[in-house]
Amino acid sequence: MKSNLTCDACERELVAYADGALHAAVARVMEQHLDDCARCRASLEFHRAIAGRLATLPGIPVPPGLEERVLRAVAGPRRAALRWKRASAAALAASFAATIGGIAFWPRLAALWGLPDPASALARGIDSGVESMIAIPKRLAVDVAFYEPIVRQVCRSLDALGSVPHAVLLSLRSPEAQAAGVMLLSLGVALYLLLRPSTRKEGGIGHACLAL
Amino acid sequence: MGGDERDLVRRCLAMDERAYRELVRAYQGPVVNLAWRITGSADDAAEVAQETFIRVLRSLSTYDPDRPLRSWIFKIASNLSLDVIRRRKRRPVSFEDLSSEDGPTFDPADPGPGPDEGMRLEWSDERFEALIAELPEYYRAIVHLRYREEMPYDMIAETLDIPLGTVKVRLHRAHEMIRRKLIARGTTS
Ligand SMILES: [Zn+2]
């Protein structure tokens, strides 16, 4: 069977044909031409020989210590991160247990060591400490209200300096960000007030802890 | 990707150090040799291979497990190899660079390979190696992936981020370049 493929067209497809990368129908047309054309057959053999040569060229050995260098770079920081995570979790658990233990056994320990009654002097001391701690966010809230217009002014002047600081300040100045901050702060204060050892009111959670 | 490879990737993602080692051992030879073929330097190949595996292991979470792992690793290695050449030449280089593909391809008046060329294919590895080193880097990459790594055309296209048709054209041109170089060397060379 005679195909009307030219030698030029056959030659362009020869490498792909030798690599078995042609569609079956195209490969059949190529085969018909190759059956009739000694020149293209010789060319095909030559391409096959080049491919064979390329496939068997020797390579280079793996450089010594590659695996260790990679592992040091990758596993080292990850292992350290994992250790740090575990250590901080353990520390957190220990301090939590110590706090609970302290709250539960403080009255007995106080009586044992002859310290002032926890329900009076100590609790009042803690209370006043907490009062002053609460005063800080309160002051901050007032300050925020005070400084907000100033921040606004600074933002406006920074506008001229470029869009990056502007974008950062914009997010700070948005009412949502401020609301989120205030909410987080009040949540923290509320949690403390709810859980602190109560000295004035019977039946609070703090009182229950003291009674453990 | 095979089940074994999926399992290897899963264990690497779980930060299993033994799995890291398994992955490096499975691919270090091919990666070093691909980098060497593209950069032409054993020192550069060592550096590229190290950086390739660090990137592979650090960005494994972004790898699509439906694609061949080998192709993904080779893609990183070949891009890092091109970076080395780019730094050396201080000019942009990419696998899509077609500037030197405009040359003549098949000359219809070419009498075709004669017995001498067949003899020249019997050259020593060193002489043949030197001839391959003269090819542009993206031709070296493509012949390596095709003939050393026996990658099918579509996987080469994915690895080098070029169209399938370009793979075919470039392999054909690489063969032509080798053939012309063999002819140009003459029988006594
Ligand atoms: Zn022909």
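Heads up: these notes are all about the structure in this document. Please read all numbers here as calculations on a predicted model, not as lab measurements. (Residues numbered from 1 in each chain as written. Chains lettered and ligands numbered in written order. Predicted model: local features only at pLDDT ≥ 70, side-chain atom pairs only at ≥ 80, totals over all residues. Heavy atoms only, no water.)

## Considering the overall build of chain A
Using the following cut-off: Where helices and strands are cited, they refer to DSSP runs of H or I of at least four residues and of E of at least two residues respectively, numbered from the N terminus. Classification of residues uses two cut-offs on accessible area relative to the type maximum, computed with a 1.4 Å probe and protein chains only: under 20% is buried, over 50% is exposed, and between them is partly exposed. A contact between two residues is defined here by any heavy atoms of the two lying within 4.5 Å. Every accessible area reported is derived by Shrake-Rupley at a probe size of 1.4 Å, with residue values counting cover from the shown protein chains alone.
In terms of helices and strands, chain A carries 8 helices and 0 strands. Reading chain A from its N end, one meets helices and strands in the order α-α-α-α-α-α-α-α. The burial tally for chain A puts 23% of its 212 residues in the buried class. Excluding contacts between residues fewer than 6 apart, the proportion of contacts in chain A whose partners are at least 24 apart in sequence is 52%. Only carbon and sulfur atoms are counted for the fraction: they give 69% of the accessible area of chain A, which is about 14,000 Å².

## Here's the deal with the interface of chain B and chain A
Applicable threshold: The term buried area refers to how much accessible surface (probe radius 1.4 Å) is lost by two components on association, counted for both of them together. Criterion for a salt bridge: a side-chain nitrogen of Lys or Arg within 4 Å of a carboxyl oxygen of Asp or Glu. Throughout this description, a polar contact denotes any pair of N or O atoms lying within 3.5 Å of each other; where both atoms belong to protein, one of them has to be capable of donating a hydrogen while the other can accept it, and for residues adjacent in sequence the pair is counted only when both atoms sit in side chains. As a working rule, the residues Ala, Val, Leu, Ile, Met, Phe, Trp, Tyr, Cys and Pro are called nonpolar, Asp, Glu, Lys and Arg charged, and the rest polar, with Gly in that last group.
Taken together, the contacts link 52 residues of chain B with 39 residues of chain A. Regarding the contact of chain B and chain A, the summed buried area is about 4,200 Å², with carbon and sulfur atoms giving 64% of it. Our count for the contact surface shared by chain B and chain A stands at 7 salt bridges. The salt bridge partner of R179(B) is E11(A), with a shortest N-O separation of 3.5 Å. Counting across the interface, chain B meets chain A through 14 residue pairs in polar contact (both at pLDDT 80 or more). Listing elements by their share of the side of chain B that touches chain A, those giving two or more residues are α2 (17-39), α3 (42-58), α5 (115-120), α6 (125-133), α7 (137-148) and α9 (164-185) of chain B. Examining the composition of the side of chain B that touches chain A, we find that 11 residues originate from one element, α2(B), more than from any other. Here the side of chain B that touches chain A is built from residues that sort into 27 nonpolar, 9 polar and 16 charged.

## So, the coordination of the zinc ion
Residues and elements named next belong to chain A. The condition is simple: Donor criterion used throughout: N, O or S atom within 2.8 Å of the metal, extended to 3.2 Å for Na, K and Ca. Water excluded; incomplete-looking sites may result. In this scheme the shape depends on donor count and angles: four donors with every angle between 85 and 135 degrees give tetrahedral, four or six donors with opposite pairs above 155 degrees and others between 65 and 115 give square planar or octahedral in turn, and any other case is irregular.
Around the zinc ion, the protein contributes the donor atoms C7 (SG), H33 (NE2), C37 (SG) and C40 (SG), at 2.1 to 2.3 Å from the metal centre. Around the zinc ion sit 4 donor atoms; with metal-centred angles ranging over 101 to 117°, the donor geometry is tetrahedral. Expressed as a motif, the donor residue spacing for the zinc ion is C-x25-H-x3-C-x2-C. Overall, H33 belongs to the buried group, its relative accessible area being 8%.

## Describing the packing of aromatic side chains
Selection rule: Any Phe, Tyr or Trp ring, taking Trp's six-membered ring, that has another such ring centre within 6.5 Å forms a pair; planes under 30 degrees apart are called stacked, those over 60 apart edge-to-face, and the others tilted. Note on geometry: a ring has a charge over it if NZ (lysine) or CZ (arginine) is within 6 Å of the ring centre and within 35 degrees of the ring normal.
Per the stated rule, a full pass over the model turns up 2 aromatic pairs over all chains. A ring pair is formed by Y63(B) and W72(B), whose centres lie 4.9 Å apart and whose planes are at 40°; its orientation type is tilted. Here Y63(B) matches W72(B) in class, with each residue buried. Considering the side-chain rings of Y138(B) and Y139(B), the 5.4 Å spacing of their centres and the 45° angle between planes classify their relative orientation as tilted. Its guanidinium or amino end placed over the ring of F128(B), R53(A) lies 4.9 Å from that ring's centre, counting from NZ or CZ.

## Regarding the packing of α6(B) against α9(B)
Residues and elements named next belong to chain B. Short version of the rule: Angles here are taken between N-to-C directions and fall from 0 to 180 degrees, while the axes themselves are lines fitted to C-alpha atoms, restricted in helices to the stretch in contact. By the definition adopted for this analysis, an angle is roughly parallel if under 35 degrees, roughly antiparallel if over 145, roughly perpendicular if from 65 to 115, and oblique otherwise. In this scheme, a crossing is called left-handed if the near helix is turned counterclockwise away from the far one by less than a right angle; it is called right-handed if the turn is clockwise.
Taken N-terminus to C-terminus, the directions of α6 and α9 make an angle of 120°; their axes are 10 Å apart at the nearest point. Here α6 is positioned oblique relative to α9, judged by the angle of their axes. The two elements α6 and α9 cross, and the hand of that crossing is right-handed. Contacts between α6 and α9 involve F128, L131 and I132 from the former and I178, K181, L182 and R185 from the latter. Grouping the amino acids of the contact of α6 with α9 by side-chain chemistry returns 5 nonpolar, no polar and 2 charged.

## Focus: a nonpolar patch on the surface
All names here are of chain A. Here is the rule: Nonpolar side chains (Val, Leu, Ile, Met, Phe, Trp, Tyr) are joined into patches within 5 Å and like charges within 9 Å, using only residues with over 30% relative accessible area and no salt bridge.
Taken together, the side chains of L187, L191, L194 and L195 make up a nonpolar region of the molecular surface, amounting to roughly 400 Å² of accessible area. Among the structural elements, L194 can be located in helix α7 (residues 175-195). Its relative accessible area of 55% is what places L194 among the exposed residues.

## A short note on the nonpolar core
So the rule is basically this: We call a set of buried Ala, Val, Leu, Ile, Met, Phe, Trp, Tyr and Cys residues a nonpolar core when their side-chain atoms join them within 4.5 Å. The domain limits used here are those given by an automatic or database domain assignment.
Core analysis: the biggest nonpolar cluster contains 81 residues, and L54(A), L23(B), I73(B) and I178(B) have the highest contact counts within it. Examining the composition of this core, we find that 11 residues originate from one element, α2(B), more than from any other. When residues of this core are assigned to domains, at least three fall in each of domain 1 (3-90) and domain 2 (110-184) of chain B. Excluding anything up to four places from it in sequence, L23(B) contacts L8(B), C12(B), F53(B), V56(B), L57(B), L69(B) and I73(B).

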